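Read off the chains here:
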Amino acid sequence: MSFEFEDVGGLRIATFGAGPRLIIAVHGITASLMAWGAVGRQLPDGWSLVAMDLRGRGHSAALPGPYGLPRHAEDVLQVAEHVGAGPDAVLTGHSMGAYVAALAGAERDFARVVLVDGGLPLPPLPEEMDPDAALEAALGPALARLRQTFPTADAYVDFFKAHPAFIGHWNADVEAYVRYDLTGPEGALRSRAAGEAVMQDGRWMRLESERIASALASIKAPLSLLRAPRGLLNQDVGLLPDELALPWAARLPGLKEEMVPDCNHYTILFDDRCVSTIVNRLTTPA
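Naming follows an unreviewed UniProt entry, where the protein appears as Alpha/beta fold hydrolase of Nonomuraea marmarensis.

To continue, consider the sheet that holds strand β9 (residues 223-227). Across the sheet, 8 strands lie side by side as β1-β2-β4-β3-β5-β6-β9-β10; this open sheet has mixed pairing. With one partner strand each, in any of the chains shown, β1 (3-8) and β10 (255-259) form the two edges of the open sheet. Taken pair by pair, the neighbouring strands of this sheet meet at an average axis angle of 20°, ignoring direction. As judged from the 5 bridges shared by strand β3 (residues 21-26) and strand β4 (residues 47-52), these two strands associate in the parallel manner. What sits directly across from Leu22, in β4, is Ser48. Set on the sheet, helix α3 (residues 96-105) makes contact with β3, β5 (90-94) and β6 (112-116); between it and β5 the angle comes to about 150°.

The next thing to look at is the state of the cysteines. Per the counting criterion, the structure on display carries 0 disulfides. Left without a disulfide partner, Cys263 is nearest to the cysteine sulfur of Cys274, which lies 3.6 Å away. The exposure class assigned to Cys274 is buried, which follows from its relative accessible area of 0%.

Another point: the UniProt feature "domain: AB hydrolase-1" (unreviewed entry) in the protein. In the numbering used here, UniProt assigns the "domain: AB hydrolase-1" (unreviewed entry) feature to residues 23-272. A helix fraction of 38% and a strand fraction of 14% characterise residues 23-272, whose end C-alpha atoms lie 19 Å from each other.

Positionally, Arg55 belongs in the loop between β4 and α2 (69-82). Note on Arg55: relative accessible area 7%, which makes it buried. Within the local environment of Arg55, its side chain forms a polar contact with the side chain of Asp75, the two groups lying 2.8 Å apart. If we ignore the near neighbours within four places in the chain, the residues touching Arg55 are Leu11, Ser60, Leu63, Pro64, Pro66, Tyr67, Arg71, His72, Asp75 and Ala197.

Calculation notes
- Residues numbered from 1 in each chain as written.
- Predicted model: local features only at pLDDT ≥ 70, side-chain atom pairs only at ≥ 80, totals over all residues.
- Heavy atoms only, no water.
- Pairing = 2+ DSSP bridges.
- Helix = DSSP H or I, 4+ residues; strand = E, 2+ residues; numbered from the N terminus.
- Axes fitted to C-alpha atoms, helices over the stretch in contact; angles between N-to-C directions.
- Contact = heavy atoms within 4.5 Å.
- Disulfide = S-S within 2.5 Å.
- Buried < 20%, exposed > 50% of the residue type's maximum accessible area, 1.4 Å probe, protein only.
- UniProt positions renumbered as here; feature names shortened; annotations may be inferred.
- Polar contact = N/O pair within 3.5 Å; in protein donor to acceptor, adjacent residues only side chain to side chain.

Set out below in structure tokens:
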């Protein structure tokens, strides 16, 4: 897999492939641009995928806040302009990145907007539940690792190998994604993701459902949703179960939703079989 890094106003971007047709890709809440490495590796001739480290993550971690999904959408549109993405470009996002893609897709024309296991407003929280507590409960190990240090890179890899979503699904793309995330001195390595960025973004995503719904309704491009049947911890229920997704598909007549079989929230971007479906939907008009 070959790709090139570039700096755009402090944002680290990577371009996978060399074709003239462009895909702009946005990663999840504690992830990095390397979440799109397997997709970039499977691109057909004629296509390129441009992914970025969102501010507060990866090699864009030093960019300051405030964070929040509208700020990330501004950054996505800046990158799209920088790489010359025209109206024939495709916009996609995974997990939190799907919400960012929805906001960005409401602001300018793309050929298609493809949401991968995210992007739909989540049910309102009970009045007594704090948004931060809800985020802690939902993300579990993903947030825990932001508070930990690791003696070696291999120890960090072992931490991920024990994650329920990756047991039995480890491959070179996952390992490259994990090792890219490390920073700090030997003996005290840690994730590049900034905890405050993650918490600010998580609060926004849970508290601004109406803005997300408005953005989805404003997207003029063909809109697709690809769902994983299993969750963040490989649970039997996915992040966007039928009872959440199907009413939104009915509410948004332009939304085409599809379940990608036999994958979870993470392996939808890393398992070759799941990735081939994602690549097909990104590069083939609906």
